[in-house]
Amino acid sequence: MALALGLTLAGCGDDGGGEASPGGDALSGVSVTVGSKDFTENQILGEMYVQALEAAGANVTNQVDLGGTNVNRQALEAGEIDTYPEYNGTGWTVHLGNDDPSDDPTELFEVTSEADLEQNDIKWVGTSQFNNTYGFAANGDLAEEEGGFDFDSMAAYLKANPDATVCMESEFPNRPDGLVLFEDATGYELPRGQQQILETGLIYTETSDGACDFGEVFTTDGRITALNLDLVEDPGVMIIYNASFTMRNEVYEENPEAFDQIAETIWDNISQEKMAELNAQVDVEGMPRERVAEQFLEDVGLL
């Protein structure tokens, strides 16, 4: 693994499972406050970073589950936290205020990270393989009756059935990378009477139970396959979201190699399927997110 091979760490050795255990003091004496957003995937990623940084000797203040996007970004810019997991699509549209993001993940990461560093002194550390974009899921019984949905047929159904509802998070109707993209693509402006605002976790269960006909989802969420849900086919409308650890650059520059190699080891080992599996371990199987993160880090040799 990158960290085990690339860093000279005190106490390195074999952990008995064939992976080199980092341990050591590459970040000894370094203080880092780690935040995260308030949904499962971001919490898991935040916990991974907390534990990996601690294993490398850092003194970590755990602020995982700090709040929504704006809460974390404002805390990062104010120096109240030093790092949190963020997504390139959110960085480009929400934080940098741009339109028309690239649909190439490498290009989007590059232009977003370069602009955020130049404009705000925020460093984007590594980038994930997985793309956790926004999407919609239909109630499974409804999808079976209707033969499944894509964005256009979902809009047509909502137009023909004024009592049908779409469950969404509070942020989603007003985000530049949210509901507006569906509306622009389909030409259907969702009336407020068809919008039901719920907490993230409730969207999945309420849609599964039929209280909502459709729900806003994250496409790597393990509950999509575990519950009575059917993913609405996206023809390429929603913005891509590959994850990075965003970090105050003054903190990053003190130990760039250590931060790079920890992030690289994490991101290189999480495929689209793996992220969905990790999310399902928390949301479906009920494992604590701290344990899910710990088990992953053990498997990749960071603990």
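See above for the structure.
Residues numbered from 1 in each chain as written. Predicted model: local features only at pLDDT ≥ 70, side-chain atom pairs only at ≥ 80, totals over all residues. Heavy atoms only, no water.

Details of the nonpolar core
As a rule of thumb, soluble globular proteins bury nonpolar side chains together. Grouped together as the largest cluster of nonpolar side chains are 75 residues, with contacts concentrated most on Met 48, Leu 53, Phe 214, Phe 259 and Ile 266. If you tally residues by element for this core, the top one is helix H2 (residues 40-55), at 7 residues. Excluding residues that lie within four positions of it along the chain, Met 48 makes contacts with Ile 266, Ile 270, Leu 278, Ala 293, Phe 296 and Leu 297. Core analysis: the second largest hydrophobic core is formed by 7 residues, Ala 75, Ile 81, Ile 122 and Trp 124 among them. (Core = buried A, V, L, I, M, F, W, Y, C linked by side-chain atoms within 4.5 Å. Buried < 20%, exposed > 50% of the residue type's maximum accessible area, 1.4 Å probe, protein only. Helix = DSSP H or I, 4+ residues; strand = E, 2+ residues; numbered from the N terminus. Contact = heavy atoms within 4.5 Å.)

Focus on the packing of aromatic side chains
The geometry of two aromatic rings is summed up by the distance between their centres and the angle between their planes. Across all of its chains, the model carries 17 aromatic pairs by this definition. By the ring-pair criterion, three or more aromatic residues cluster together here, those being Phe 39, Tyr 87, Tyr 134, Phe 136, Phe 151, Phe 172, Phe 182, Phe 218 and Tyr 241. Sitting above the plane of the Tyr 204 ring, Arg 223 keeps its charged end 3.9 Å from the centroid. (Phe/Tyr/Trp six-rings, centres within 6.5 Å; stacked < 30°, edge-to-face > 60°. Lys NZ or Arg CZ within 6 Å of the ring centre and 35° of its normal.)

Considering the pairing of strand S4 (residues 59-67)
When strand S3 (residues 31-37) meets S4, the two strands line up parallel, connected through 6 bridges. By the bridge assignment for S4, Gly 35 is matched with Gln 63. Handedness of the crossover is the feature at issue here: the chain leaves S3, passes through H2, returns alongside S4, and the resulting connection is right-handed. (Pairing = 2+ DSSP bridges. Right-handed = clockwise from strand over helix to strand, strands pointing away.)

Quick notes on the side chain of Ser 128
Considering the arrangement of structural elements, one finds Ser 128 in the loop between strand S6 (122-125) and strand S7 (134-139). Polar contacts involving the side chain of Ser 128 include one to the main-chain carbonyl oxygen of Phe 130, which spans 2.8 Å. If sequence neighbours within four positions are ignored, Ser 128 has contacts with Asn 242, Ala 243 and Trp 267. (Polar contact = N/O pair within 3.5 Å; in protein donor to acceptor, adjacent residues only side chain to side chain.)

Focus on the packing of helix H13 (residues 272-283) against helix H14 (residues 289-299)
Contact geometry of H13 with H14 gives a least axis separation of 9 Å together with a crossing angle of 145 degrees. Here H13 and H14 pass one another in a crossing that is right-handed. Here Lys 274, Leu 278, Gln 281 and Val 282 of H13 lie close against H14, whose contacting residues are Arg 289, Val 292, Gln 295 and Phe 296. Tallied by class, the residues present in the contact of H13 with H14 amount to 4 nonpolar, 2 polar and 2 charged. (Axes fitted to C-alpha atoms, helices over the stretch in contact; angles between N-to-C directions. Left-handed = near helix turned anticlockwise from the far one by under 90°. Nonpolar A, V, L, I, M, F, W, Y, C, P; charged D, E, K, R; others polar.)

Details of the packing of H2 against helix H12 (residues 256-268)
In helix packing, the relevant descriptors are the interaxial angle and the interaxial distance, both defined with respect to the helix axes. Remark: H2 packs on H12, axes separated minimally by 11 Å, with the N-to-C direction vectors making an angle of 135 degrees. With respect to H12, the element H2 is oriented oblique. Relative to H12, H2 is oriented so that their crossing is right-handed. Taking contact as the criterion, the partners of Leu 45, Met 48, Tyr 49, Ala 52 and Leu 53 in H2 are, on H12, Phe 259, Ile 262, Ile 266 and Trp 267. Within the contact of H2 with H12, the residues separate by chemical class into 9 nonpolar, no polar and no charged. (Parallel < 35°, antiparallel > 145°, perpendicular 65-115°, else oblique.)

Quick look at the pattern of salt bridges
Here the idea is simple: oppositely charged side chains can pair when their charged atoms come close. Under the criterion given, the structure shown has 13 salt bridges. One salt bridge connects Glu 86 with Lys 37, and the closest N-O pair in it is separated by 2.6 Å. Of this pair, Glu 86 sits in strand S5 (residues 83-87) while Lys 37 is found in strand S3, placing the two residues 49 residues apart along the sequence. Residue class for Lys 37 comes out buried when judged on its relative accessible area of 4%. (Salt bridge = Lys/Arg side-chain N within 4 Å of Asp/Glu carboxyl O.)

Quick look at the sheet that holds strand S11 (residues 229-231)
On the basis of which strands lie adjacent, the open sheet formed by 5 strands has the order S9-S8-S10-S7-S11 and mixed pairing. This sheet does not close on itself; its edge strands, each paired only once, are strand S9 (195-197) and S11. Across the sheet, the mean angle from the axis of one strand to that of its neighbour is 35 degrees, orientation sign disregarded. When S7 meets strand S10 (residues 214-218), the two strands line up antiparallel, connected through 5 bridges. Residue Tyr 134 lies in a different strand from S10, and its bridge partner there is Phe 218. Of the strands in this sheet, S7, strand S8 (166-168) and S10 touch helix H7 (residues 151-160), which is tilted by about 150 degrees from S10.

Looking at the side chain of Thr 133
Structurally, the position occupied by Thr 133 is in the loop between S6 and S7. Taking the relative accessible area as the measure of exposure, Thr 133 reaches 9% and is therefore buried. Among the polar contacts made by the side chain of Thr 133, one reaches the main-chain carbonyl oxygen of Ile 239 at a distance of 2.5 Å. Each residue touching Thr 133, except ones within four places of it in the same chain, is listed here: Val 217, Phe 218, Thr 219, Met 238, Ile 239, Ile 240 and Tyr 241.

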